[in-house]
Amino acid sequence: METFETIPGRAWAALGVAASTVVLIILDSGFVALAFPEIEEEFANTERSTLSWISSGYFISLASLMLVTGRLAERVGRRRVFIGGLATYAIGALVMAMAATPLLVIAARLVQGAGAAALTPVSLAIALKEFPMSRRSTAIGGWAVIGGTSGVIAPTVGAVLVDGFGWRAPFILLATLLVVVSLVAMRILDADPVTDTPSAIDLPSVPLAIAAVGGAALVLTKARSWGPLDLRIVATLGVAAIAGALLLHRSRSAAGSLIDLTLFKIRSYSVGSLASVFTQMGFFAFFFTAPLFFAEVWGYSVLAAGFALAFHQGVAALVGLPLGRLADRVGVRRIVGFGGLAAALSFVSMIAFVDTTPNLGLVIVPAFVLGGVGTMANGAFTTSIALREIDDDALTRASSGYYVTRRLASGLGVVIGAAILGDASAPESLGDFKVVWAFAGVCYAASGLVAFADK
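Every value quoted in this text rests on a predicted model; they were computed, and no experiment measured them. (Residues numbered from 1 in each chain as written. Predicted model: local features only at pLDDT ≥ 70, side-chain atom pairs only at ≥ 80, totals over all residues. Heavy atoms only, no water.)

A few words now on the overall build of the chain. A count of helical and extended segments in the chain gives 16 helices and zero strands. Since a compact globule built from 455 residues should have a radius of gyration of about 23 Å, the 21 Å found for the chain is in line with a globular shape. With the C-alpha coordinates of the chain rotated into their principal frame, the extents come out at 65 × 60 × 45 Å. Looking at the chain as a whole, 54% of its 455 residues qualify as buried. Across the chain, every contact between residues at least 6 apart in sequence was considered, and the portion connecting residues at least 24 apart equals 85%. Counting only carbon and sulfur atoms, one obtains 69% of the accessible surface of the chain, whose full area is about 19,100 Å². Side chains of the chain give 30 positive and 28 negative charges; the mean places of these two sets differ by 8 Å. (Helix = DSSP H or I, 4+ residues; strand = E, 2+ residues; numbered from the N terminus. Rg over C-alpha atoms; globule rule 2.2 N^0.38 Å. Buried < 20%, exposed > 50% of the residue type's maximum accessible area, 1.4 Å probe, protein only. Contact = heavy atoms within 4.5 Å. Areas by Shrake-Rupley, 256 points an atom, 1.4 Å probe, with all protein chains shown as cover. Lys, Arg positive; Asp, Glu negative; His and termini not counted. Charge placed at Lys NZ, Arg CZ, Asp CG, Glu CD.)

Nonpolar side chains in soluble globular proteins generally cluster together in the buried interior. Ranked by internal contacts, the top residues of the largest apolar core, which has 102 residues, are I54, F82, W143, F171 and L387. No other element matches the 15 residues that helix 1 (residues 9-42) contributes to this core. When sequence neighbours within four positions are dropped, the list of residues in contact with W143 reads L15, A18, A19, V22, S123, L124, A127 and Y403. If you look at the next biggest cluster of nonpolar residues, it comprises 28 residues, including A343, F347, V436 and Y444. (Core = buried A, V, L, I, M, F, W, Y, C linked by side-chain atoms within 4.5 Å.)

On the surface, a cluster of nonpolar side chains totalling about 260 Å² of accessible area is made up of I153, V157, L173 and L177. For the nonpolar patch, the elements supplying multiple residues, two or more each, are helix 6 (136-165) and helix 7 (169-188). With respect to the helices, strands and loops of the structure, L173 is situated in helix 7. (Patch = residues over 30% accessible without salt bridge, like charges linked within 9 Å, V, L, I, M, F, W, Y side chains within 5 Å. Salt bridge = Lys/Arg side-chain N within 4 Å of Asp/Glu carboxyl O.)

For the rest of this paragraph, the subject is the pattern of salt bridges. Across all of its chains, the model carries five salt bridges by this definition. Here R168 ties to E42 by a salt bridge, and the two come within 2.6 Å at their closest N and O atoms. With a gap of 126 residues between them, R168 in the loop between helix 6 and helix 7 and E42 in helix 1 connect regions that are remote in the sequence.

Along its length, helix 3 (residues 53-76) shows its largest kink, about 45 degrees, at M66. Counting buried residues along helix 3, 18 of its 24 residues qualify, which places the element largely inside the surrounding structure. (Bend = angle between axes of the 7 residues up to and from the residue.)

Time to look at the packing of helix 8 (residues 205-226) against helix 9 (residues 231-251). Helices that pack against each other are described as a pair by the angle of their axes relative to one another and the distance between those axes. Across the interface, helix 8 lies against helix 9 with an axial gap of 8 Å and an inter-helix angle of 150 degrees. The pairing of helix 8 with helix 9 is recorded here as roughly antiparallel in orientation. Considering the relative orientation of helix 8 and helix 9, their crossing is left-handed. Between helix 8, through S205, L208, A209, A211, A212, G215, A216, L218, V219, K222, A223 and W226, and helix 9, the contact on the second element is made entirely by R232, I233, T236, L237, A240, A243, G244, L246, L247 and R250. Here the residues of the contact of helix 8 with helix 9 are counted per class, giving 15 nonpolar, four polar and three charged. (Axes fitted to C-alpha atoms, helices over the stretch in contact; angles between N-to-C directions. Parallel < 35°, antiparallel > 145°, perpendicular 65-115°, else oblique. Left-handed = near helix turned anticlockwise from the far one by under 90°. Nonpolar A, V, L, I, M, F, W, Y, C, P; charged D, E, K, R; others polar.)

Note that V206 resides in helix 8. The exposure class of V206 is buried, given its relative accessible area of 19%. Note: C-alpha distance between V206 and L247 (41 residues apart in sequence) is 8.8 Å. Setting aside its immediate chain neighbours within four residues, V206 contacts V68, I201 and L258.

Okay, the environment of H312 next. Within the secondary structure layout, H312 lies in helix 11 (residues 302-330). H312 sits 63 residues away from H249 along the chain, and the two C-alpha atoms are 43 Å apart. H312 has contacts with F287, F368, G371, G372 and T375, leaving out every residue within four places of it along the chain.

Let's shift gears to the side chain of S20. Structurally, S20 can be placed in helix 1. Polar contacts involving the side chain of S20 include one to the main-chain carbonyl oxygen of V17, which spans 2.4 Å. (Polar contact = N/O pair within 3.5 Å; in protein donor to acceptor, adjacent residues only side chain to side chain.)

This part is about the packing of helix 12 (residues 332-353) against helix 16 (residues 430-451). Axis separation between helix 12 and helix 16 bottoms out at 7 Å; the angle between their running directions is 165 degrees. Taken together, the axes of helix 12 and helix 16 lie roughly antiparallel to each other. Crossing hand, helix 12 versus helix 16: left-handed. Between helix 12, through R333, V336, G337, G340, L341, A343, A344, F347, M350 and I351, and helix 16, the contact on the second element is made entirely by K434, W437, A438, A440, G441, Y444, A445, G448 and A451. Of the residues contributing to the contact of helix 12 with helix 16, the split by class is 13 nonpolar, four polar and two charged.

Below, the structure is given as structure tokens:
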């Protein structure tokens, strides 16, 4: 009979502290989405295209800096970078709450993005370090439950705060919570080990990584509003491509390069990363467009559409931890593979049975139950595949590379979903939404099939 290593109590404590950053980042995203109409009203003389940098600036800052923070954590210590990320995020939230001009709001979001770039790769590495390698799927399942639950509660908490106290109030709360988590982290997390030979960082790789990833992120966030043939898009693509080629060239020989190409020789890391690209494209193409479907085709209010999507995320949150434990027993590739196929089937059912007449109970609920289980099984545990065989000393740089691909894939999913819909705004656009669901289903099926290639 196969036995499993015991998970120590401090591992769960470290997971709780590290995963709290997921809660706060998701809350922040919900706060921004709900606060945007009031921000737009307060700064009525500012064009919407300028205010859109509140979201796109954060995404670009986050994506462009993750490779840097992953290597930095190996040089100065994960705990230092983690607490520094919390402090940076808190400063950004506080500036956001007090900002008197739209440019200051955008600057605050850039700072928050930098803080999130420090937290995203390091937090999971901090948690996984405390778990036996054979139980990493359980840890990621717990992580996913926390993230899924946050996705359910974020709209409600944000709506109450914005409606009751104005758009600045959520960011004051966020800054306070970040300070609390910082204090707890300083007590719970072990001090970083002292070493006489700190990990090297290839300094020329830093601007190359920022230009390559930041340029790709800029294109993904602005391609629709500027147009794909706009000179700014073409020039940015060119800069990103040249910087990316130079970065890869340095990665082959330079010590401390921000991309560790040797990681891709590990089959599970390559498989998990590729599967995750398909997952993120499918998930964000669907979730970005789903509120429009409920509002434009079925005539739902924003609140009703939010509750429908919260049900999907709630189902996912309920099954995360049991799926993690099951993955440790039966193998994570089976969970990810069948999860991708289950999610694909949920989209097939929506394509077959959804029409212009609202039918939440008989059509959407069954599809969202299957889809919630499938997207959790697939989406969360591609991470488990990718990081399953990574040694502790390489976890942060492996996580940073993995999460950069996820972020860019999510942005690509949004762009593709928006491109398929175009300016759809009437019940007659149901066919366009079904094309989006077909694309999402194909992505999840591809992710599942890629996962089965893991051994």
